[in-house]
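Overview (structure and organization)
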Amino acid sequence: MQLLDGKYLSKIIKAEIAEEVSELKNQGKKIPNLAAILVGENPASAAYVKSKIKSCEQVGFKSTMIKREATITEEELLEIVDQLNNDDDIDGFIVQLPLPGHIDELKVTMAINPDKDVDGFHPLNFGKLAQGLPCFIPATPLGIILMLERYNIPTAGKKCVVVGRSNIVGTPMSILMSRKGKVGDCTVTLAHSRTKDIGKECLEADILIAAIGKPHFIKADMVKEGAVVIDVGINRIEDESSPTGTKIVGDVDFDNVAPKCSFITPVPGGVGLMTVTCLLLNTLKAAKLK
Ligand code: GUN
């Protein structure tokens, strides 16, 4: 069993991005600038945005953090989106999800200029992804593709099972894995809460991608010997042995599943770090496209 080390790979890719930023600087060109809108006090969202801003600093990007109370109106938020759309200094921006219940997430996402949509959540980017056209690929699926590519894991003709059908991870991931390409050409099953026998589907997977958001959902008896297992889950559970009383675990029962795998991503230290790094890659791409 070999670990797919997101920490190691992120470090390498961030160094490559930093190199490109130096070149841009040397050529007297503009430094990429990512803006992030954070609404409310959701601790997980605050932690994610903090990590995105910190990563910008690490590679030499500019970043702009816009924090607003949960009481902000939809109209006020759309006004900020409009300002960022029209701000030439901002290359790309994200609106951290989830948003408070009184705000229509789709309406906000659709208000983002697709050329600055570095999350790749706008339906125009999603549609382009589905048709194999150049677009911003959402950061988590892009991170998984890069992991498979950089670790030279063969995918053509393999059976890939994606568990979870979210717009952000599961659905785009299933499309990318079925698409023609260096990473792709798989026969894909997209399993979800209404799938009749999830265990049976998973057992057939050469490549199993778990993006359900349920701690330790994937057990050893659901995994084929020699499978490649990608764990997208970031779940906080109680842990009496930890000083904070909690710990982060994935959607995969790592300790029991890992011995059966050819490759597996750890949590933490796997896909999560790649997500942040790929947001930087998308921001660099947005800056270069301008
Ligand atoms: N919420 C959970 N993941 C993400 C993400 O990748 N981008 C945004 N904007 N919100 C999220």
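Below is a summary of the structure that appears in this document. The numbers attached to residues start from 1 for each chain and follow its sequence in the written order. Side-chain atom pairs in this predicted model are given and counted only at pLDDT of 80 or more, local residue features only at pLDDT of at least 70, and totals for whole chains, interfaces and linings cover all residues. Excluded from the side-chain calculation are hydrogens and water; included are all heavy atoms of the structure.

**Description of the pattern of salt bridges**
Under the convention used in this document: By definition, a salt bridge exists where a carboxyl oxygen of Asp or Glu is found within 4 Å of a side-chain nitrogen of Lys or Arg. For the purposes of this entry, the term helix denotes a DSSP run of H or I that reaches at least four residues, the term strand denotes a run of E that reaches at least two, and both are numbered from the N terminus. Only protein chains enter the calculation, and the probe is 1.4 Å; a residue is then buried if its accessible area is under 20% of its type maximum, exposed if over 50%, and partly exposed in between.
For the structure shown, the criterion picks out 11 salt bridges. For Asp 91, the salt bridge identified is with Lys 30, shortest N-O distance 2.6 Å. Residue Asp 91 is located in the loop between helix H3 (74-85) and strand E4 (92-95), and its partner Lys 30 is located in the loop between helix H1 (6-26) and strand E2 (33-39); the two are separated by 61 residues in the primary sequence. Classification of Lys 30 as partly exposed rests on a relative accessible area of 35%. Of the charged contacts in the structure, one is a salt bridge between Asp 91 and Lys 290, with a shortest N-O distance of 3.2 Å. Within this pair, whereas Asp 91 is found in the loop between H3 and E4, its partner Lys 290 is found in the segment after helix H10 (271-289), the two being separated by 199 residues in sequence. Relative accessible area serves as the criterion here: at 2%, Asp 91 is assigned to the buried category. Connected through salt bridges with shared partners, the residues Lys 30, Lys 62, Asp 89, Asp 91 and Lys 290 form a single ionic network.

**A look at the site of the ligand**
Here is the rule we go by: Nearness is judged by heavy atoms alone; a residue qualifies as near a molecule or strand once a single heavy atom is within 4 Å of it. Contacts described as polar in this section are N or O atom pairs within 3.5 Å, which, within protein, must combine one atom able to donate a hydrogen with one able to accept it, while residues neighboring in sequence count only if both atoms come from side chains. Accessible surface area values rest on a Shrake-Rupley calculation with a 1.4 Å probe, where residue burial reflects the displayed protein chains alone.
As a structural note, the neighbourhood of the ligand is formed by Lys 52, Val 95, Gln 96, Leu 97, Asp 119 and Phe 121. Between Val 95 and the ligand, the recorded distance is 2.8 Å, taken from a backbone N or O atom to a nitrogen atom. Contact distances for the ligand include 3.3 Å between a nitrogen atom and a side-chain N or O atom of Gln 96. Here the ligand has 280 Å² of accessible area as a free molecule, and 81% of this is covered by the chains.

**A word on the sheet that holds strand E8 (residues 228-231)**
As a reminder, the rule being used: Should DSSP find at least two bridges between two strands, the strands are taken to pair. Note on contacts: a residue pair qualifies if any of its non-hydrogen atoms lie within 4.5 Å across the two residues. To get an axis, a line is fitted to the C-alpha atoms, and for a helix only the part in contact is used. The angle between two axes follows their N-to-C directions and goes from 0 to 180 degrees.
One open sheet accounts for 6 strands, arranged E1-E11-E8-E7-E5-E6; its pairing is parallel. In the strand order of this sheet, the two ends are held by strand E1 (2-3) and strand E6 (187-191), each with one partner. Sheet analysis places strand E5 (residues 159-163) next to E6, joined by 5 bridges and oriented parallel. Residue pairing across strands places Lys 159 opposite Thr 187, the latter belonging to E6. Contacting E5, E6 and strand E7 (207-210), helix H7 (residues 170-178) crosses the sheet at an angle of about 170° to E6.

**Some details on the layout of surface pockets**
What counts, and what does not: Think of a 1 Å grid over the protein atoms and nothing else: a 1.4 Å probe that fits but is trapped marks a cavity, an open set flanked by protein within 12 Å on at least five of seven lines marks a pocket, and residues with an atom within 4 Å of a point count as lining. Grid points are joined across faces, edges and corners, and a volume is the space filled by probe spheres set on the points. Amino acid classes used here: Ala, Val, Leu, Ile, Met, Phe, Trp, Tyr, Cys and Pro are nonpolar; Asp, Glu, Lys and Arg are charged; the rest, including Gly, are polar.
In this structure, the second largest pocket encloses a volume near 230 Å³. Taken together, 15 residues line the second largest pocket, and the ones lying closest to its centre are Pro 114, Asp 115, Lys 116, Phe 136 and Leu 289. Of all elements in the fold, only helix H5 (123-130) and H10 reach the threshold of two or more residues within the lining of the second largest pocket. Residue classes in the lining of the second largest pocket are distributed as 7 nonpolar, 2 polar and 6 charged.

**Brief notes about a negative patch on the surface**
This is how the line gets drawn: Every patch collects residues that have over 30% relative accessible area and no salt bridge, joining them within 9 Å if they carry like charges and within 5 Å if they are nonpolar side chains (Val, Leu, Ile, Met, Phe, Trp, Tyr). Under this rule, positive means Lys or Arg and negative means Asp or Glu; His and the chain ends count for nothing. Taken as the charge location is NZ of Lys, CZ of Arg, CG of Asp or CD of Glu.
A surface patch of negative charge is lined by Glu 75, Glu 76, Glu 79 and Asp 82. Structurally, Glu 76 can be placed in helix H3. According to the relative accessible area criterion, Glu 76 is partly exposed, its value standing at 43%.

**Re the packing of H1 against helix H2 (residues 43-59)**
Quick reminder of the rule: Between 65 and 115 degrees an angle is taken as roughly perpendicular, under 35 as roughly parallel, over 145 as roughly antiparallel, and anywhere else as oblique.
Interaxial distance between H1 and H2 falls to 8 Å at its minimum, and their mutual angle equals 55°. Here H1 is positioned oblique relative to H2, judged by the angle of their axes. Residue-level contacts link Lys 14, Ile 17, Ala 18 and Val 21 of H1 to Ser 55, Gln 58 and Val 59 of H2. Taken together, the residues of the contact of H1 with H2 sort by class into 4 nonpolar, 2 polar and 1 charged.

**Some thoughts on empty space enclosed by the protein**
A water-sized probe rolled over the atoms picks out the places where empty space is left. As enumerated under the stated definition, the model contains 1 cavity of 30 Å³ or more in all. Reported here for the largest cavity is a volume of approximately 60 Å³. What lines the largest cavity is Phe 93, Ile 94, Val 95, Leu 97, Thr 109, Ile 112, Asp 117, Asp 119 and Phe 121. Tallied by class, residues from the lining of the largest cavity come to 6 nonpolar, 1 polar and 2 charged.

**Thoughts on the side chain of Thr 171**
Mapped onto the elements, Thr 171 comes out in helix H7. In contact with Thr 171, other than residues within four places in its own chain, are Phe 126, Gly 164, Arg 165, Ser 166 and Leu 190.

**Things to note about the sheet that holds E4**
Strand order across the open sheet formed by 3 strands is E3-E2-E4, with parallel pairing between neighbours. Single-partner strands in this sheet number two, and they are strand E3 (62-68) and E4. Within this sheet the neighbouring strands show an average axis-to-axis angle of 15°, counted without direction. In terms of strand pairing, E2 meets E3 through 7 bridges, oriented parallel. When the bridges of E3 are listed, Leu 34 appears paired with Ser 63.

So, to be careful, I would describe these as geometric facts and stop short of saying anything about function.
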